Amino acid sequence: MQTKYEFVQMPKEFIQHCDIDDHVVGDNASHSQYTAYLESVIDMCNEQLLKARSWNNANRD
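Keep in mind the model is a prediction, meaning the values are calculated, not measured.

S.K.: What's the story with the overall build of the chain in this structure? I'm lost.
M.R.: A count of helices and strands for the chain gives 1 helix and 0 strands. Its C-alpha radius of gyration of 19 Å places the chain more than 25% over the 10 Å reference for a compact globule of 61 residues. The burial tally for the chain puts 13% of its 61 residues in the buried class. Across the chain, the 5 positively charged side chains and the 10 negatively charged ones have centroids separated by 16 Å.

As structure tokens, then:
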């Protein structure tokens, strides 16, 4: 019996770069909007990481 290993790449959608758009912040309202935007980007990145970790754990055998 011989063990055969196969390399399986993680789906690219799980390891995409999280881009952040530059914003011009002028007043307090702009700061709040930009903060909300940054939080949404962080949430998206955290979702990708969670999917990547789940995929990795499911494919360890």
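There's more to say after this.
S.K.: Please explain helix α1 (residues 28-58) as it appears in this structure.
M.R.: In an α-helix, one full turn covers 3.6 residues, which means residues spaced three or four apart are oriented alike. With 31 residues, α1 should cover 45 Å at 1.5 Å per step; its first-to-last C-alpha distance of 45 Å lies within 8% of that length. All buried positions along α1 are accounted for by Tyr 34, Val 41, Cys 45, Gln 48, Ala 52 and Trp 55.

S.K.: Any chance you could explain the packing of aromatic side chains here in plain terms?
M.R.: In the structure shown here, the tally under the stated rule is 1 aromatic pair. A centroid spacing of 6.0 Å and a plane angle of 25° characterise the contact between Tyr 34 and Tyr 37, whose relative ring orientation is stacked. Pair noted here: Tyr 34 and Tyr 37 are both in helix α1, with a separation of 3 residues, about one helical turn.

S.K.: How do you make sense of the side chain of Gln 48 when you look at a structure like this?
M.R.: Relative to the elements of secondary structure, Gln 48 occurs in helix α1. Those residues in contact with Gln 48 that sit more than four places away from it in its chain are Glu 13, Phe 14, Ile 15, Gln 16 and Cys 18.

Reading the values: the criteria
Residues numbered from 1 in each chain as written. Predicted model: local features only at pLDDT ≥ 70, side-chain atom pairs only at ≥ 80, totals over all residues. Heavy atoms only, no water. Helix = DSSP H or I, 4+ residues; strand = E, 2+ residues; numbered from the N terminus. Rg over C-alpha atoms; globule rule 2.2 N^0.38 Å. Buried < 20%, exposed > 50% of the residue type's maximum accessible area, 1.4 Å probe, protein only. Lys, Arg positive; Asp, Glu negative; His and termini not counted. Charge placed at Lys NZ, Arg CZ, Asp CG, Glu CD. Expected span 1.5 Å × (residues − 1). Phe/Tyr/Trp six-rings, centres within 6.5 Å; stacked < 30°, edge-to-face > 60°. Contact = heavy atoms within 4.5 Å.

Coordinates in, geometry out; function isn't part of it.
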